[in-house]
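Single-letter residue listing:
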Amino acid sequence: MIVIRCPYCDELRHEEELEYGGEAEIVRPAPPESVSDEEWAAYLYMRTNTKGHHHEQWCCRAGCGQWFKVVRDTVSHEVHEILRFDGTFSHPTEE
Amino acid sequence: MAARETGFRLDGGCLIERSKPLQFRFNGKPMLGFKGDTLSSALLANGVGLLGRSFKYHRPRGIYGAGLEDPNAMVAVRDAYGYEPALRAGQVRLAEGLDAHTVTGWPSVDFDIGALAQLGMRFMKAGFYYKTFMWPTWGLYEPYIRKPTGFGSAEPVKPRHSEQRHDICDVLIIGGGVAGITAACGLLGAGLKVVLADEQPRLGGALMREGVTINGRPGAEWAVEQQAVFEAADEIDVLTDTVVTGAYEGNFFTLLQSDHDAGGAGQAGGLRSERLWKLHARYVVLATGSLDRPLVFEDNDRPGVMLSSAVGRFVGEYGVAPGRTVGIFTNNDSGHLTALSLLQAGLHVSAIIDTRLAPESPGVEATAAAGIRRLSGAEVVGTSGYKGLRSIDVAPVGGGAAERIDCSVLALSGGRTPLIHLATHLGVKPVFNPESGEFICPYVPDGWHIVGDAGGFSSFAKAINDGLEVSAVIRTTTGAGPFSWDVPKLSALESAPSAAFWKSNAGNPARMWVDLQNDVTVADIELAVREGYVSVEHLKRYTTLGMGTDQGRTSNINGLAILAGLTGRDIGDVGTTTFRPPYTAVRLSAIAHIRQNDIYRPRRRMPAHDAHIAGGAVFEDFGWQRPDWYHANGADRETAVAAEMVAVRGAVGLFDGSPLGKIEVTGPDAATFLDRFYVSNIMTLKPGRIRYSVMLKEDGVIFDDGVLTCIDEGYYLAGPSSGNAEMVASWFERWRQTEWPALEVGIAPVTSNWASVAIAGPRARELLAKLNPGVDLSSTAFPHMSYRECRLGGVAARISRVSFTGELQYEISVPARYGHDLVDQLMGEGEALGIQMVGMEAWLRLRLEKGYLHVGSDTNGRTTPGDIGMGGIVERKIADFIGKRSLSLAFSGSDEREELVGLHAGQGRLAPGGRIMAPDAVSAPCVTEGYITSACYSPSLGKDIGLALIERGRSRMGETVRIYDNGGVVEAEICSPVFYDPDNERLRA
Ligand SMILES: [Zn+2]
């Protein structure tokens, strides 16, 4: 069970209340027509599938509806860092 | 030989209420028990000793344990709330009217034909079935072999009531024995939220059966006192009747709490409901204690042979003696402690058979002082009695003359097994401690503490100390500050760990049971080793050791020890098998919860739902409850749908489109924002105008279609399809937040704020005029694809002139609460114009005639705008939009794209899913080149029409194709998808 404190509404949320958004920091090429087909395909499909610290997007779906970024250990589900999209940080205070 | 004895009721028993007798039945026979009894204790009190037959050899089997560790006592139970075909009697709480049956044994437990299998026992070694029934296939024999085996019979059951609760706590204490209670005491006043869970109906654990005093009173009384303190404190939740069934990453737990209603006075009771907790804890205190291990010897499966702790529990918790004369077979001091408590309850202990040569401990001294006969350095080498134990044969360990000793119960105490399953759920690999003869946790998961017996051989004094220490650590870590507490004054006999004795070496290994449920004997393990199955996981699968419903609680460790002995390894090197959740069986109804039937997905009703009922609607679930057709329009579906289509084509029809998505997008950057989603140019959309377009995912595939209305500068209304309304709103929101936070734009999903009713047909304008909207309705003033706001009867309304049917059509939206009134008014005013209500089926057929696509039906996970004929629009749009770049990848330009086209059949019937056969195909199976996505009979054309995705379809107009569908082949001609009014004269009227 993944439990994350939403950095916006400040509630501890169980994964059933959250929506997983996949890997974070996937940069959309700008402008898209400036990149090769290979680069565009990599943007679309290639993910790191990290074992360990993984940067990912989550949404407080059943709560405030805000998206945020999390650094999570994909082995232990330990949450190391929670980041807002506006760049402000918050660290999990519980563990 | 002594007469066969049966169990009976004693005085005492701290869990039962003698003022509340309960009537129940066992195999049809009426019996009496008390509130608080388990089915096991009540059966023993009624003298029932034989509970079933073993799985393979059909040997008589009796009650062996007191709770979920019992491998034998499987019963089918019917109570006031349901029926279950296979439960352990020790886990069934007695209730008035309970009806229990044995589940093994045919035709009856007392006379079992399968017991003849005993005669053939020596032929049925491990792997017997695999080896014997290999030819020609196992499947040939399986049905015949399965028939006489298995537990109970299934019948359709009504799920028990269940609920689920999610919670988060600071400390979860698992186990309410002395260690768990002490830990909870130490956390009082710490300002931490504590959950204390225990399987039993009240706290106390081993205190309920052992002769321990705390602060000068019996330990069980002290436990009840502490429970009252906890229940009065806000910060501690005491969950009794609760099993922690699983531990998962991040210290997340599932707990199953049972709510028993004992009934009484003729009112039947039972397991009323269950609650599945999903609990997250910062700190965990594992205080689960330990379980008695049996000893292995010849004929150790005879009814009457049971775990020493079980005998202690029956006497202490339920005031039930399993028999009058008890023998005790032990390799440690706890057998002596059990003997003392039995003596105190007035039972006769005929002998303590202690494998140790010269045992010395306070317990041993006490039994000697009490005059109980002890045979040291001795072992049990055999038992007698058929359906119940009558005597045991005892001989010196290592050989010598055997002596026969009478007893009707033999209590086995072969050491303790710490209950560390929950830690192993999190990947902890137990290690063997040769000193205590136990598998223990070498480390604990983050945030965990293990206290008392769960941590390895312990004592009441150590358990109290552990509990206090752990609570102090947690208080310090959380900054709760120290807590001064009077350490309870304990009086208990200290004891030492067990001696290394696992099984007798005298006797026939084929009659020494290791796993009583699955009939696995020492001989089976020997055979497995001879055949090379020396890994513990292989042994388990080959012999089925520990694979029964009891999960091998009493057999696993003995099996490992015997395997280690046979292979000359240390027990620690053999290792254990892996435990996985759940700790004990969990009913599917508790997991499924109320997410079934209507509650699986709540039904959504449109604002004018009642108006449709009045109109005779036949509802279907399309995510919303929507009229599929109306009884008022025809006796059967086809007749009604035809009439509804005729009304729209000839006069006017009313269709409730309230579920159609409505998302308001506002702000100075609203146009820029939306332009990045739609394949059409949105920047040129003027206030009061509407544009149809599609949206793609980034991979270039169509995600949704719909109309976009420009209400005003910086104020748009997006109309995604009904099924995608929520998804599109989330999609907008995600891009806004994560990619384009600098854009000034707001997104408001308002679908259910509005009731939207479409009126379609040549007389739609006449009808709308009757509502006096105060808007010039002429085609020049209010043309197709435009939007107006007005007031209808004083209510703010939005009118969009769009068309899904190909006819003149207006979509009128009013605040949801006026939806019913709007439908009533339109139906009233429209009566003279020939209005009919129109359901989904007619509506979809009308759009099919017009060739409008339905996303999800006429598109699939590969369809691009080019495939549906919107390639030109995409090419004209210069600005970037989501998915655009992907349209220049190779796949998009392939000449094998499936393109959306029309099909019309001469005589044949077309149906969705029909496969377009390759032109050179002779017969199916063959290569196909696409499929029919939508099809129906068109009343306007007088034949079947359809839409289809066909390879290179647009370049194949006029070609006749053959379509394979459900075994038949029909012919149809490829044509334009627009079958009706191709010049759009009617919708522009
Ligand atoms: Zn939130």
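Each chain has its residues counted from 1, running along the sequence as written. For naming, the first written chain is A and the first written ligand is 1, with later ones following in the order written. The model is predicted, so local features are restricted to residues of pLDDT at least 70 and side-chain atom pairs to those at 80 or more, both for listing and for counting; the totals for chains, interfaces and linings are taken over all residues. As a rule here, side-chain values cover all heavy atoms of the structure and leave hydrogens and water aside.

### Here's the deal with the overall build of chain A
- The number of helices and strands found in chain A is 1 helix and 7 strands.
- For the C-alpha atoms alone, the extent of chain A along its principal axes is close to 45 × 25 × 25 Å.
- Relative accessibility under 20% of the residue-type maximum defines a buried residue, over 50% an exposed one, and the middle range a partly exposed one, all with a 1.4 Å probe and only protein chains included. Relative to its full complement of 95 residues, chain A shows a buried share of 43%.
- Pairs of residues are marked as contacts when any of their non-hydrogen atoms sit within 4.5 Å. Taking as baseline every contact in chain A between residues at least 6 positions apart, the subset at least 24 positions apart corresponds to 45%.
- For accessible areas, the Shrake-Rupley method is used with a probe of radius 1.4 Å. Any residue's cover is judged against the shown protein chains and nothing else. As presented, chain A carries roughly 5,100 Å² of accessible surface, and 49% of it is formed by carbon and sulfur atoms.
- In this tally, Lys and Arg are treated as positive and Asp and Glu as negative; His is ignored, and so are the chain termini. Note that the charge is assigned to NZ on lysines, CZ on arginines, CG on aspartates and CD on glutamates. Between the mean site of the 9 positive side-chain charges and the mean site of the 19 negative ones, chain A shows a separation of 2 Å. In this text, helices come from DSSP runs of H or I with a minimum length of four residues, and strands from runs of E with a minimum of two, each type numbered from the N-terminal end.

### Notes on the interface of chain B and chain A
- Contacts between chain B and chain A engage 26 residues on the former and 27 residues on the latter.
- Each partner contributes to the roughly 2,400 Å² buried at the junction of chain B and chain A, and carbon and sulfur atoms together form 50% of this total.
- As a working definition, buried area equals the accessible area (1.4 Å probe) given up by two parts on being put together, with both sides summed. Of all residues in chain B, B:Arg734, B:Gln737 and B:Arg885 give up the largest surface area on contact with chain A, accounting jointly for 28% of the area buried on that side.
- One speaks of a salt bridge when a side-chain nitrogen belonging to Lys or Arg is within 4 Å of a carboxyl oxygen belonging to Asp or Glu. Counting across the interface, chain B meets chain A through 4 salt bridges.
- As used in this structure description, the phrase polar contact means that two N or O atoms lie within 3.5 Å; if the pair is within protein, one of them must be able to donate a hydrogen and the other to accept it, and residues adjacent in sequence are counted only when both atoms belong to side chains. One can count 14 residue pairs in polar contact (both at pLDDT 80 or more) joining chain B with chain A.
- Looking at the side of chain B that touches chain A, the elements that each hand over two or more residues are strand S9 (161-174), strand S16 (270-286) and helix H20 (725-738) of chain B.
- Examining the composition of the side of chain B that touches chain A, we find that 5 residues originate from one element, H20(B), more than from any other.
- Residue polarity follows a fixed list, in which Ala, Val, Leu, Ile, Met, Phe, Trp, Tyr, Cys and Pro are nonpolar, Asp, Glu, Lys and Arg are charged, and the others, Gly among them, are polar. Of the residues that constitute the side of chain B that touches chain A, the class distribution is 7 nonpolar, 9 polar and 10 charged.

### Notes on the coordination of the zinc ion
All names here are of chain A.
- For Na, K and Ca the donor cutoff is 3.2 Å, while for all other metals N, O and S atoms must lie within 2.8 Å; water is not among the atoms, so some sites may look incomplete. Within the first shell, the zinc ion binds the protein through Cys-6 (SG), Cys-9 (SG), Cys-60 (SG) and Cys-64 (SG), at distances of 2.3 Å.
- Around the zinc ion sit 4 donor atoms, and with donor-metal-donor angles ranging over 101 to 121° the site reads as tetrahedral.
- Mapped onto the sequence, the donors of the zinc ion take the spacing C-x2-C-x50-C-x3-C. You can see Cys-6 sitting in the loop between strand S1 (3-5) and strand S2 (12-14) and its partner Cys-60 sitting in the loop between strand S4 (53-59) and strand S5 (67-73), a full 54 residues away along the chain.
- On the basis of relative accessible area, Cys-60 is assigned to the buried category, the value being 0%. Think of it this way: with four donors and all angles in the 85 to 135 degree range, the site is tetrahedral; with four or six donors, opposite ones beyond 155 degrees and the rest between 65 and 115, it is square planar or octahedral; otherwise it is irregular.

### Re the confidence of the model for chain B
- Summary of the metric used: pLDDT quantifies the predictor's per-residue confidence within the range 0 to 100. Chain-level statistics for chain B give a pLDDT mean of 92 and a share of 94% at 70 or above.
- Both confidence scores are given for the complex: pTM 0.80, ipTM 0.96.

### What to know about the packing of helix H11 (residues 522-530) of chain B against helix H12 (residues 536-543) of chain B
All names here are of chain B.
- Two elements in contact, H11 and H12, have axes whose closest approach is 10 Å; the angle formed by their N-to-C orientations is 120°. Judged by the angle between their axes, H11 and H12 are oblique. Note on packing geometry: the crossing formed by H11 with H12 is right-handed. Across the interface between the two elements, Asp-524, Ile-525 and Ala-528 of H11 pack against Leu-539, Tyr-542 and Thr-543 of H12.
- Each residue belonging to the contact of H11 with H12 can be placed in one class, and the counts come to 4 nonpolar, 1 polar and 1 charged. What counts as an axis is a line fitted to C-alpha atoms, over the stretch in contact for a helix, and the angles between N-to-C directions run from 0 to 180 degrees. Here is the rule for angles: anything less than 35 degrees is roughly parallel, anything more than 145 is roughly antiparallel, 65 through 115 is roughly perpendicular, and the remaining ranges are oblique. Take the far helix as your reference; a near helix turned counterclockwise from it by less than a right angle gives a left-handed crossing, and one turned clockwise gives a right-handed crossing.

### Re the sheet that holds strand S40 (residues 715-720) of chain B
Residues and elements named next belong to chain B.
- The strand order across the open sheet built from 5 strands is S38-S39-S40-S37-S41, with neighbouring strands paired in antiparallel fashion. Each end of this open sheet is capped by a strand with a single partner; those strands are strand S38 (690-696) and strand S41 (746-749). Averaged over all adjacent pairs, the angle separating strand axes in this sheet is 25°, with direction ignored.
- Pairing between strands is defined by DSSP: at least two bridges between them are needed. Sheet analysis places strand S39 (residues 702-712) next to S40, joined by 6 bridges and oriented antiparallel.

### Here we look at helix H4 (residues 178-187) of chain B
Residues and elements named next belong to chain B.
- In terms of burial, H4 is a largely internal element, 10 of the 10 residues being buried.
- Those residues of H4 lying buried are Val-178, Ala-179, Gly-180, Ile-181, Thr-182, Ala-183, Ala-184, Cys-185, Gly-186 and Leu-187.
- Gly-189 lies just past H4 and shows a positive phi near 75°.

### Digging into the pattern of salt bridges
Residues and elements named next belong to chain B.
- The tally for this structure, following the rule as stated, stands at 60 salt bridges over all chains.
- Between Arg-209 and Glu-210 there is a salt bridge, with the nearest N and O atoms lying 4.0 Å from each other.
- Judged by relative accessible area, Arg-209 falls into the buried class, the value being 15%.
- According to the relative accessible area criterion, Glu-210 is partly exposed, its value standing at 23%.
- Across the pair Arg-587 and Glu-274 runs a salt bridge whose closest N-O atoms are separated by 2.7 Å. Of this pair, Arg-587 sits in the loop between helix H14 (571-574) and helix H15 (588-592) while Glu-274 is found in strand S16, placing the two residues 313 residues apart along the sequence.

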